[in-house]
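Secondary and tertiary structure notes
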Amino acid sequence: MDVTVKFLGGASTVTGSRYLIDIGKFEFLVDCGLFQGRRELRERNWDKFPMPLGEMEAIVLTHAHLDHIGSLPRIVKQGFKGPIYCTEATAELAKILLMDSGKLQEEEAEYARKKGYSRHGDPQPLYTQEDAEAVFPMLVPKPFEKTFSIHDSVSVTFYHAGHILGASSVKIKIKGDSQTKTLVFSGDLGRYHDPILFPPTLIPKADVIWIESTYGDRNQPPVKPSEELAVAILDTFDRGGLVIIPAFSVGRTQLVLYYLFHLMEKGRIPKVPIFLDSPMAINATKLYQDFHQDHKLNAVLEEEDHHPFKHPQLHYYQKQEQSKSLNEFRGNAIILSASGMATGGRVVHHLYNRLPYEQNGVIFVGFQAEGTRGRRLIDGEPQIQIYGNAVQVKAKIYSIDGLSAHADQDELMEWAEGFVEKPKVAFVVHGEEEASAVLAKKLHEELGWNTVIPNYLESVLLFSGI
């Protein structure tokens, strides 16, 4: 039996994770992500899948972020019919995120059609809410650390990866005619001292490893992120401004809510209104109660009137009318809204209305990929295109790396050091070129690993005649 991998995404980029494993008699995909960021990356979402989808028999997901699941509706519409395996929380989060993604793409296509700012005469969504819904019956939820088979020769085990609720690292065992080989996909690894999520599980052995490298070239600052958050908020309030925090609906939003609650309780920031203006984030936050076994907040959540997700300052805004009403709000307040890189969602509307005024503050709390609106704001661009209009950037822009849900370089190395034997090869993936190169060099020099940074659409023979 020969085993090959084809890199359909997540190669020399931090987005679009998709890895096709072929064992000859069975082909399956690990992750099925959406490309985000630069236009040339986003345009890949429209490319025809590079193999007949009827030949691909299963998909295994690491977690529910769109850069790992966002292409599912499109490939299902194009003919994929197999099971999609994931953790139990990932299955529920995927439903929320995919429906929201379909809705946003429908709305953006309609708005572009109405305003005429698309290059296409009749702009169409990549997929619709109906397309997203078609994925749901195919999701097969599985618990952590319980091995299951997806084929006579292939077994899968999910382990905690931190990062977001339900996120996993995936161990895949492939049984050949004479040998059994182990593949391990890190997925997106979280922080080792996250106040909400369990740390990434160390896995002792693997023949081939895929390791993410989002922060492969840097470490998080030693300053506590909650203190940095407090400083930025107080600085904005001193100017009489309002704070906007673009945050990913799953993971980052809940972490920020946790810190805001504790900062207010400790008197570090004033008790002002917090508006969680994201239906998807609201629905995701509720899942923390449904999947209490997957995080550390069990005891806190039992205090019904005193926990980070339910207190008098926190207001959940589901309806669009509520969101629009915030345009008229004056004074100190915090608006927490998606998307985290300001590429879509309600936060774009708030930026459109608040960026031109210097008293306001925009606090980015996570990684901003190249080409995204968030990256351009952090890089100091004086004006930004929103809804086809040039918006002057007068508000103060803050960036707090320490709140990222991604492991930094030291934590990536700590996860790698958990392997008691060197792998045959380690693919350094899911990172921008510099980050991947730095981590690949460090893994090679310090652990003696054979590291490879794959190229987009590259195929690699992993094992021959096992």
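Residues numbered from 1 in each chain as written. Predicted model: local features only at pLDDT ≥ 70, side-chain atom pairs only at ≥ 80, totals over all residues. Heavy atoms only, no water.

1. Quick word on the sheet that holds strand β3 (residues 27–30)
Paired through backbone hydrogen bonds, the strands of a sheet run either parallel or antiparallel to each other. Going by this rule: Any two strands are treated as partners once DSSP identifies two or more bridges connecting them. Runs of E in the DSSP output that reach at least two residues are strands. Runs of H or I that reach at least four are helices, and both are numbered from the N terminus. Note on definitions: angles span 0 to 180 degrees between N-to-C directions of axes, and those axes are lines fitted to C-alpha atoms, for helices only across the stretch in contact. Residues count as neighbours in contact if any of their non-hydrogen atoms are within 4.5 Å of one another.
Read from one edge to the other, the open sheet built from seven strands follows the order β6-β5-β4-β3-β2-β1-β22, with strand pairing classed as mixed. In the strand order of this sheet, the two ends are held by β6 (139–142) and β22 (459–463), each with one partner. Between one strand axis and the next, the sheet turns through 25° on average, direction left out of account. Sitting on the sheet, helix α4 (residues 88–115) is in contact with β5 (84–87) and β6, with an inclination near 110° to β5.

2. Topic: the pattern of salt bridges
Note the following rule: One side-chain nitrogen of Lys or Arg within 4 Å of one carboxyl oxygen of Asp or Glu is enough to make a salt bridge. Remark: exposure states derive from per-residue accessible area (1.4 Å probe, protein chains only) relative to the maximum for the residue type, with buried under 20%, exposed over 50%, and partly exposed in between.
In total, this model carries 17 salt bridges according to the counting rule given. Of the charged contacts in the structure, one is a salt bridge between Glu92 and Lys95, with a shortest N-O distance of 3.2 Å. Residue Glu92 and its partner Lys95 are both found in helix α4; the two are separated by three residues, about one turn of the helix. The class for Glu92 is partly exposed, based on a relative accessible area of 30%. In this structure, Asp235 engages Arg239 in a salt bridge whose closest nitrogen and oxygen atoms are separated by 3.2 Å. One connected set of salt bridges, linked through shared partners, spans Arg38, Glu40 and Glu370.

3. A word on unusual backbone geometry
Here the residue pair Ala338 and Ser339 is connected by a cis peptide bond, since its omega of 10° sits within 30 degrees of zero. Among the structural elements, Ser339 can be located in the loop between β15 (334–337) and α11 (346–354). The phi dihedral of His163 falls on the positive side, at around 70°, and the residue is not glycine. Take His163: it is sitting in the loop between β8 (154–160) and β9 (168–175). At Ala342, a position not held by glycine, the phi torsion is positive, near 60°. Position of Ala342 among the secondary structure elements: in the loop between β15 and α11.

4. Re the sheet that holds strand β11 (residues 208–212)
The strand order β7-β8-β9-β10-β11-β20-β21 describes an open sheet built from seven strands, whose pairing is mixed. The open sheet has two edge strands, β7 (148–151) and β21 (451–452), and neither has a second partner. Here β9 pairs with strand β10 (residues 180–185) via six bridges, running antiparallel. Residue pairing across strands places Ile172 opposite Leu183, the latter belonging to β10. Most of the contacts of helix α13 (residues 409–417) go to β11, to which it runs at about 165°, and overall it touches β9, β10 and β11. Packed on one face of the sheet, helix α14 (residues 433–447) meets β11, β20 (425–429) and β21 and runs near 155° to β20.

5. Quick word on α14
We count it as follows: Here, expected helix span is obtained from the residue count minus one, scaled by 1.5 Å. Working definition: the arc comes from the directions between the helix axis and the C-beta atoms, pointing outward to the latter.
Taking 1.5 Å per residue, 15 residues should reach 21 Å; α14 reaches 21 Å between its end C-alpha atoms and fits that length. If you check which residues of α14 are buried, you get Ala435, Ser436, Leu439, Ala440 and Leu443. Angular distribution of buried residues about the axis of α14 spans 125°; they occupy a single face of the element. Projecting away from the buried face of α14 at angles above 90 degrees are the exposed residues Glu433, Glu434, Lys441 and Glu445. Elements in contact with the buried residues of α14: β11, α13, β20 and β21.

6. Comments concerning the pairing of β3
Residues Glu27 and Leu29 line one face of β3 and the alternating positions Phe28 and Val30 line the opposite face, and both faces are buried. Bridging between strand β2 (residues 18–22) and β3 involves four bridges; their strand directions are antiparallel. Residue pairing in the sheet places Tyr19 in a bridge with Val30 of β3.

7. With respect to the pairing of β7
Strand residues, when the strand is regular, have side chains that alternate between the two faces of the sheet. Pairing of β7 with β8 involves three bridges; the strand directions are antiparallel. For Phe148, the partnering residue across the bridge sits in β8 and is Val156. Where β7 folds back on β8, the antiparallel hairpin that results is connected by two residues.

8. Thoughts on the side chain of His68
Convention followed: In the analysis that follows, any N or O atom pair within 3.5 Å is treated as a polar contact, provided that within protein one partner can donate a hydrogen and the other can accept it, and provided that, for residues neighboring in sequence, both atoms belong to side chains.
Secondary-structure assignment places His68 in helix α2 (residues 66–69). You can call His68 buried: its relative accessible area is 2%. Within the structure, the side chain of His68 is placed 3.3 Å from the side chain of His430, a separation counted as a polar contact. Not counting residues within four places of it along the chain, the set of residues in contact with His68 comprises Ser17, Asp31, Cys32, Gly33, Leu34, Leu61, Thr62, His63, Asp188 and His430.

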